[in-house]
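Topology and contacts: notes
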Amino acid sequence: MMIVMHAHASEEDVQTVLQAVRRRGFQPHLSQGEERVVIGVVGEARRAEPDAFLRLPGVARVVPLSSPYKLASREFHPADRTVAVGGVPIGGRAEPVFMAGPCSVESRSQLLETAHAVKEAGASILRGGAFKPRTSPYSFQGLGERGLELLAEAREATGLPVVTEVMSPERVPLVARYADMLQIGARNMQNYALLRAAGASGKPILLKRGMSATLDELLLAAEYILSSGNENLVLCERGIRTFETATRNTTDINAIPALKARTSLPVILDPSHSTGHWAYVAPIARAAIAAGADGLIVEVHPRPAEALSDGAQSLKPERFARLVAEARAIARAVGRETLREVPHVAAD
Ligand code: PEP
Ligand code: MN
């Protein structure tokens, strides 16, 4: 439920409503619009009594929200949201953002070489896993904190902000010390303790869709982060499990417009994991940009055959550079504004 205040409501009216919301055991969520204040009432919907709020001074309307998620819903927040990562805007009117880098940080030279190459190609955020969720316990698990140090060094060298995965709540403070954006991987989309801990860090978060999760489940996972007070959230489609075995996962292109209908949060695609094969990455990435994605996260490796993880789906830097040019041309063709600078986004 959403309480819409009158344009002329006083600060005191707003405070009275906030107190009334809390007294009834709900969490108020205040949005200061250009003209009026809107207060989201977050909590168990069936206990809400709209009439009680309607009688308070300064209240114009009480609007029920039909979706199970509230703060994530477009009903609650109609305008497209923009999330800034190290000063790079994602979503809203910003041009599509390209996050790129290796699946795993493997060594200093591998990471620095890749970081410079993806920057040259047009990436504005560097990806790289230091803590890796591997299906087999015998596979390379990542360099851990050493990997985070290397990511920080690569940021220093290139100026690119860094996104990297955090796999457990206890590790959030450590990863947040090095990263500009925390990635929550597909396998952890419903790890609610992790969602809360990552949310509480205040860092921008990249939340990947679980491989068997519905869009409603993804948006409810997003709600955990938003309700922890962190609105710097970007959603990522990364392919789902289907009966098809020709590709690693099945890219759910539908998810892009379907998510955008339900939420104003930015939505990007990971065509590397969604296809699992380097040759399919660019075609599917182009489709996602045409479908309205706010960006891509792409695995790039200078020598994919030597990669310690996900070599088969990694692009060489030259191929990635071509993809960026193609994606930008598509974004223009579908009428996406290509603003390099978005005035209303402050660097963090
Ligand atoms: C990754 O980004 O390397 C990764 C493990 O992705 P996902 O969680 O989508 O499988
Ligand atoms: Mn990977």
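The text that follows walks through the structure, step by step, so that each part is easy to find. (Residues numbered from 1 in each chain as written. Chains lettered and ligands numbered in written order. Predicted model: local features only at pLDDT ≥ 70, side-chain atom pairs only at ≥ 80, totals over all residues. Heavy atoms only, no water.)

1. What about the state of the cysteines?
Here is the rule we go by: Pairs of cysteine sulfur atoms within 2.5 Å are identified as disulfides in what follows.
Throughout the structure, instances matching the rule amount to zero disulfides. Take C236: it sits in no disulfide, and the sulfur closest to it among the cysteines is that of C103, at 13 Å.

2. Comments concerning helix α1 (residues 11–23)
Put simply, the rule reads: Labels follow the DSSP assignment, with helices taken as runs of H or I lasting at least four residues and strands as runs of E lasting at least two, numbered in each case from the N terminus. Under the convention used throughout, the expected extent of a helix is 1.5 Å for every residue step, that is, one less than its residue count. Three exposure classes are used, based on accessible area relative to the maximum for each residue type with a 1.4 Å probe and protein chains only: buried under 20%, partly exposed in between, and exposed over 50%. In this description, the arc belongs to the directions extending from the helix axis to the C-beta atoms. When checking whether two residues touch, look at their non-hydrogen atoms; a contact exists if any pair is within 4.5 Å.
With 13 residues, α1 should reach 18 Å at 1.5 Å per residue; the first-to-last C-alpha distance of 18 Å fits that figure. For α1, the set of buried residues is D13, V14, V17, L18, A20 and V21. Down the axis of α1, the buried set is contained in an arc of 165 degrees. They therefore lie on one face. Exposed side chains of α1 directed beyond 90 degrees from the buried face belong to E11, E12 and R23. Tucked inside the fold, the buried residues of α1 contact β1 (2–5), β2 (27–32), β3 (37–42), α2 (50–54) and β4 (59–63). Positive backbone phi, approximately 85 degrees, marks G25, located one or two places after α1.

3. With respect to the environment of A290
Within the element layout of this structure, A290 appears in helix α10 (residues 278–290). Ignoring any residue separated from it by four or fewer positions in sequence, one finds A290 in contact with I330 and V334.

4. Details of the coordination of the manganese ion (ligand 2)
For clarity, the threshold we go by: Listed donors are limited to N, O and S atoms within 2.8 Å of the metal, widened to 3.2 Å for Na, K and Ca; water is not among them, so incomplete-looking sites are possible.
Coordination of the manganese ion (ligand 2) by the protein involves C103 (SG), H273 (NE2), E299 (OE) and D310 (OD), with metal-donor separations of 2.0 to 2.4 Å. For the manganese ion (ligand 2), all donor residues lie on one chain, and their spacing in sequence is C-x169-H-x25-E-x10-D. Placement of the pair is E299 in strand β14 (residues 295–299) and D310 in the loop between β14 and α11 (317–333), with a sequence separation of eleven residues. A residue is classified by how much of its surface remains accessible, and E299, at 0% relative accessible area, is buried.

5. A look at the site of ligand 1
Applicable threshold: For each residue, the test is whether any non-hydrogen atom lies within 4 Å of the molecule or strand; if one does, the residue is near. Between N or O atoms, a polar contact is any pair within 3.5 Å; within protein, one atom must be a potential hydrogen donor and the other a potential acceptor, and residues adjacent in sequence are included only when both atoms are from side chains. Per-residue accessibility takes into account occlusion by the displayed protein chains alone, with areas from the Shrake-Rupley method and a 1.4 Å probe. Gly is put with the polar residues, along with every residue not named as nonpolar or charged; the nonpolar set is Ala, Val, Leu, Ile, Met, Phe, Trp, Tyr, Cys and Pro, and the charged set is Asp, Glu, Lys and Arg.
Ligand 1 sits among 13 residues. The nearest are R127, K132, A186, R187 and R238. Taking R187, its side chain carries an N or O atom lying 2.9 Å from an oxygen atom of ligand 1. Side-chain polar atom of R238 to an oxygen atom of ligand 1: 2.7 Å apart, as the coordinates give it. In isolation ligand 1 exposes 300 Å². Once the protein is present, 97% of that is buried. Grouping the constituent residues of the shell around ligand 1 by class yields three nonpolar, three polar and seven charged.

6. Quick word on the packing of aromatic side chains
For clarity, the threshold we go by: Pairing of aromatic side chains here covers Phe, Tyr and the six-membered ring of Trp, requires ring centres within 6.5 Å, and sorts the geometry by plane angle: under 30 degrees stacked, over 60 edge-to-face, intermediate tilted.
Enumeration according to the criterion identifies one aromatic pair in this entry. An angle of 25 degrees between the planes, with centres 4.5 Å apart, marks the rings of Y192 and Y224 as stacked. In this pair, Y192 is assigned in helix α6 (residues 192–200) and Y224 in helix α7 (residues 215–226), connecting sequence segments 32 residues apart. What makes Y192 partly exposed here is its relative accessible area of 32%.

7. Structural notes on the environment of E49
With respect to the helices and strands, the residue E49 is situated in the loop between β3 and α2. Note: C-alpha distance between E49 and G159 (110 residues apart in sequence) is 51 Å.

8. Points about the sheet that holds β4
Rules: A pair of strands is considered paired only if DSSP assigns at least 2 bridges between the two. Axis angles are defined between N-to-C directions and span 0 to 180 degrees, where every axis is a line fitted to C-alpha atoms and, for a helix, only to the segment in contact.
Across the sheet, which stays open at both edges, the four strands sit in the order β2-β3-β1-β4 with antiparallel pairing between neighbours. One side of each edge strand has no neighbouring strand; the edge strands of this open sheet are β2 and β4. With strand direction ignored, the average angle separating the axes of adjacent strands in the sheet is 20 degrees. Where β2 lies against β3, six bridges are found, and the strand directions are antiparallel. Looking at the pairing, L30 lines up with I39 of β3. The strands that α1 touches are β1, β2, β3 and β4; relative to β2, the one it contacts most, it runs at about 155 degrees.

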